[in-house]
Amino acid sequence: MLRPYDLRCEHLTTPRGLNTPVPRFSWALHGNSERQTAYRLTVNAGDKVFWDSGKVTSSQNQLIAYGGTPLPSDAALDWTVQVWDEEDLPSTQDVARIFTGLAETEWEAEWIARYFVLPAGREVPADNPYDNRWQARPADYLRRAFAVPERPKRAVLYVTALGLYEAYINGTRVGRDVMAPGWTDYHRRVEYQVHEVTELLTAGDNVLGAILGEGWYSGRVGHNQRRAGNHYGGRPALFCQLHLHFADGRVEVVASDANWQTRQGPICYSDFLMGEMYDARLELEDWHTARGILPGWQPVEVFTPDPRAPELDGARVQPAREVERLAARFMHVAASGAAIFDLGQNIAGYVELTVSAERGARFTLRHGEILDGCAELYTANLRHAVATDIFIAAGTGTETFKPRFTFHGFRYVEISLPEGILPGDIALTGIAIQTDTPLAGKIETGHPMVNQLISNIFWSQRDNFLSVPTDCPQRDERYGWTADAQVFWKTACYFMDTSAFLTKWMLDIEDGQSPDGAFPDVAPTKPLNPYRLTPQPGAPGWGDAPVILIWEHWQRYGDRGLIERFWPALEAWMVHIGRANPEFVRRDAVYNNYGDWLSVGPVSDRALIATAYWYRIAHLMTELAAVLGRAQDQRRYEQLRQSIGAAFRTEFVEENGYLHGDTQTAYLLALDFDLLAGNERTVATNRLIALIEAADVHLQTGFLGVRHMLPVLTAADRDDLAVAMLLKDTYPSWGFSIRHGATTIWERWDGWTPENGFQSVNMNSFNHYAYGAVGEWIWERLAGINITRDREGTLLLRLAPLFDDQISSCRAEHALHEGRVSSSWYFEGDRVIWDIEVPPNLQAQVDLPAGFTTTGDERSLLKPILQPGSNRIVLKVRSR
């Protein structure tokens, strides 16, 4: 019997604000049946049914479009799915929930904020020491009192901010989101969140409250120091609507408007780069309840954001949340007299401090990723980021502090010790945060170093997937660099479900596209503002990223709608490149060209890299056009691909068959992008292997080359070299950083070396996922789980592990949207025991490596198509 589970609407378990009148529904399958033969979908609100598909004969279980009457706004709907198997046996029904959101005409709210300049006769309260040398601003507290004759039957809060917010009703915080509403180009759009809050309301007096922080909107982000924050605007603002549904059918709305009040409180300032200062002596008791009648409240200002009010979109992605807590271990007292604690793991987040101290006792918490040679906190690589939180005790007994509107990238915390406080009096807990993308896979091998590498890749992804895929969480940057993401994306999809995450980020990328078609190198950016977050767009590998990202998204999730939505933007990018390079060699990148960023060893020819990438995206555009059924576009991009390929071979392949520049990356791109044929390919493969052996099996690549190294070696039938490179622990290698204590991926191969110490403080992150792109090879070759999709959208699962006795074992499972697949193997004497699970509705092609043969009845399992269910294959080692 089949069982549907993991129900999703628009890639989300519980959408909170639909942005389409025709949402799509998906589910995974589990059970001992082979396939789904029919399904039935229903969408309803209580007894009112909006759609009943009836029993539909189909094996489809992904992205099925809604087909009922128009869905109402401001509604909580349930949707159910039931399936039938090949014996026409029905499953039980599974159910999930949808929040539909509001139409544009239904918003009554206005943007409200603290006045820049108060009206005549009013003064800012003087009880808050909010001035500081960085000019970071205090948080704003806002409240609105209202009364209702009875508790509503249903209450829903629609809320967002320019900046960051926490919402409260009658003293209780609404939801568990952090850093909400996330980062967008606030000049264009902002996402709102939807919360069911019925249980927080009461008959009589109620208070709706919020705290606002600067966040990405008006605080500091990036390394542009020409302006003290204020990238998008000068002050945070709130926009919200509370809908109260009563039993008699009435709906009352409490919206952000001129009836709200504001003041400042204990958050003296809060900024991503500077940190947060909290003075508990200034706490506002009961400020968010009906009891909170306090002096100092001022009127809010109702205003229209400059240069225009942003579009309001329902949240397309999961919220950021606290995802893990790590107890800090006291290490030692530093020379300064401060205590240093170790989390044991480099994270993005903040620290929760619990302590009992006298009133006015000041605790300064500094954060760093690493210790220097004297076991002191190393912070030089943070550049302008101060990464310091301050807590001033109220003296009321045991007190707990954690920041609200800042986060840091750190493993170590240095905390000052006020008089009378010992390290043992302090409890510190590290709290990791990320966009709460569902975990999609876990993998473990029999090799400790490889397992640490897997952990480092996972943690670097976790730490940098915060609203957008950032380059680093610690220094004054934290940008959504596009090439860093595209080289890593296949790896990212194995560890986490990125379907909703990319759906949202692609809008950020499109919002930053220049009028001439150039995609931004970082997203979000702010093209309407004269101060861009970065000065140039459109670098090869960076501007090309949207084509590659959408292709990877299609391969993993089969979302044709994403291709259709962004096809015009992709075409504009292709026109942009072609206009500047009419001879099909990409010498002119128009704005900039980073080359193989942060490579070590010989420098690769930038025009070669750029042209290779142009060839690659022309090929992908051919494939994407075929997916959409755009035959004319398919032929056009195929011709472009051939023209670029011919020009590449003429320009960059020398008479002896070597590539111009003769670097590892040049050969890797040419081979993996299939730019060479026949003898050219043979010569290039042999030359690449010679370069690798000459480097003693060490990497000499940067960001753009690293992803291709091990897959190209596997394609050349040199898994021996691939494994040798994977297991290297001398510089430069993945194992080198691990041997020196890394718990995340370093930005540079030489971030620190025994000979030279730390790399330049100008750019040296110890938490950057790009070099973690090796993860895709670990999943595809060690676990053997390969996932592709044909042009019609059929998922093709191929199982082809590398049984290597140095690795000794591998256990992996991955949650596809279609269901769970697992591949686990281990050596037992001269045999390999391989356990496989394939979800219903899918088949798997099984490829055995040379040197192994099946034994006994297992031969019948290899057709070579494996049917759904659990299978064990016993292989005998024929040769090593």
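Residues numbered from 1 in each chain as written. Predicted model: local features only at pLDDT ≥ 70, side-chain atom pairs only at ≥ 80, totals over all residues. Heavy atoms only, no water.

Student: Hey, could you run me through the packing of helix H2 (residues 448-464) against helix H3 (residues 482-495) in this one?
Tutor: A pair of packed helices is characterised by two quantities: the angle between their axes and the separation of those axes. Put simply, H2 and H3 touch, their axes get as near as 11 Å, and they point 95° apart. As far as their axial angle goes, H3 and H2 are roughly perpendicular. Taken together, the residues of H3 that come into contact with H2 (itself represented by Ile 454, Ile 457, Phe 458 and Gln 461) are Phe 488, Thr 491, Ala 492 and Phe 495. Classifying every residue of the contact of H2 with H3 gives 6 nonpolar, 2 polar and no charged. (Axes fitted to C-alpha atoms, helices over the stretch in contact; angles between N-to-C directions. Helix = DSSP H or I, 4+ residues; strand = E, 2+ residues; numbered from the N terminus. Parallel < 35°, antiparallel > 145°, perpendicular 65-115°, else oblique. Contact = heavy atoms within 4.5 Å. Nonpolar A, V, L, I, M, F, W, Y, C, P; charged D, E, K, R; others polar.)

Student: Sorry, what's going on with the nonpolar core here?
Tutor: Side chains that are nonpolar tend, in soluble globular proteins, to be buried together. Phe 363, Leu 428, Leu 710, Leu 726, Trp 734, Ile 785 and Leu 799 are the most contacted members of the largest nonpolar core, which has 216 residues in total. Top element by residues in this core is helix H7 (residues 606-628). It accounts for 15 residues. Setting aside its immediate chain neighbours within four residues, Ile 785 contacts Tyr 494, Trp 779, Glu 780, Leu 797, Arg 798, Leu 799, Ala 812, Val 821 and Ser 823. Within the second largest apolar cluster, 26 residues are counted, among which are Tyr 165, Val 197, Leu 201 and Phe 246. (Core = buried A, V, L, I, M, F, W, Y, C linked by side-chain atoms within 4.5 Å. Buried < 20%, exposed > 50% of the residue type's maximum accessible area, 1.4 Å probe, protein only.)

Student: When you look at the environment of Gly 213 in this model, what are you seeing that I'm missing?
Tutor: Inspection of the secondary structure puts Gly 213 in strand S15 (residues 204-213). Judged by its relative accessible area of 2%, Gly 213 is buried. Distance from Gly 213 to Tyr 165, taken between C-alpha atoms, is 6.2 Å for residues 48 residues apart in sequence.

Student: I keep staring at the pattern of salt bridges and nothing clicks. Help me out?
Tutor: If the charged atoms of two oppositely charged side chains come close together, the side chains can form a pair. Summed over all chains, the structure comprises 67 salt bridges. A salt bridge links Arg 565 to Glu 510, with the shortest nitrogen-to-oxygen separation between them at 2.8 Å. Within this pair, whereas Arg 565 is found in helix H6 (residues 560-580), its partner Glu 510 is found in helix H4 (residues 499-511), the two being separated by 55 residues in sequence. Residue classification places Arg 565 among the partly exposed residues on the basis of a relative accessible area of 39%. For the salt bridge of Arg 748 with Asp 750, the shortest nitrogen-to-oxygen distance reads 3.8 Å. (Salt bridge = Lys/Arg side-chain N within 4 Å of Asp/Glu carboxyl O.)

Student: What am I meant to see in unusual backbone geometry here?
Tutor: Negative phi is the rule for most residues except glycine; trans is the rule for most peptide bonds. With omega at 0°, the peptide bond leading from Ala 523 into Pro 524 counts as cis. Within the element layout of this structure, Pro 524 appears in the loop between H4 and helix H5 (545-557). The peptide bond linking Tyr 731 to Pro 732 adopts the cis configuration, its omega dihedral lying at -10°. Mapped onto the elements of the fold, Pro 732 is located in the loop between helix H13 (719-727) and helix H14 (734-739). Positive phi is not limited to glycine here, since Ala 375 has a value of about 65°. Within the secondary structure layout, Ala 375 lies in the loop between strand S28 (370-371) and strand S29 (377-378).

Student: Is there a simple way to explain the pairing of strand S10 (residues 140-148) in this structure?
Tutor: Moving residue by residue along a regular strand, the side chains alternate between the two faces of the sheet. Of all 9 residues making up S10, 7 are buried, and the element is well covered by its neighbours. Of the pairings in the sheet, the one linking S10 to S15 comprises 9 bridges and is antiparallel in character. Residue pairing across strands places Ala 147 opposite Asp 205, the latter belonging to S15. (Pairing = 2+ DSSP bridges.)

Student: It is not clear to me how the pairing of strand S3 (residues 36-45) should be interpreted in this structure. Could you clarify?
Tutor: Burial runs high along S3: 7 of the 10 residues are buried. Looking at chain direction, S3 and strand S7 (residues 76-85) are connected through 8 bridges and run antiparallel. Paired with Val 43 across the two strands is Trp 79, which belongs to S7. Pairing analysis gives 2 bridges linking S3 to strand S5 (residues 56-57), with the strands arranged antiparallel. Directly across from Tyr 39, in S5, lies its bridge partner Val 56. Where S3 and strand S4 (residues 48-52) come together, 4 bridges link them in antiparallel fashion. Bridging from a neighbouring strand, Thr 42 pairs with Asp 52 of S4. Taken together, S3 and the strand that follows it, S4, pair antiparallel across an intervening segment of 2 residues, in which Gly 46 is found at a positive phi of about 65°.

Any link to function would need more than the numbers given here.
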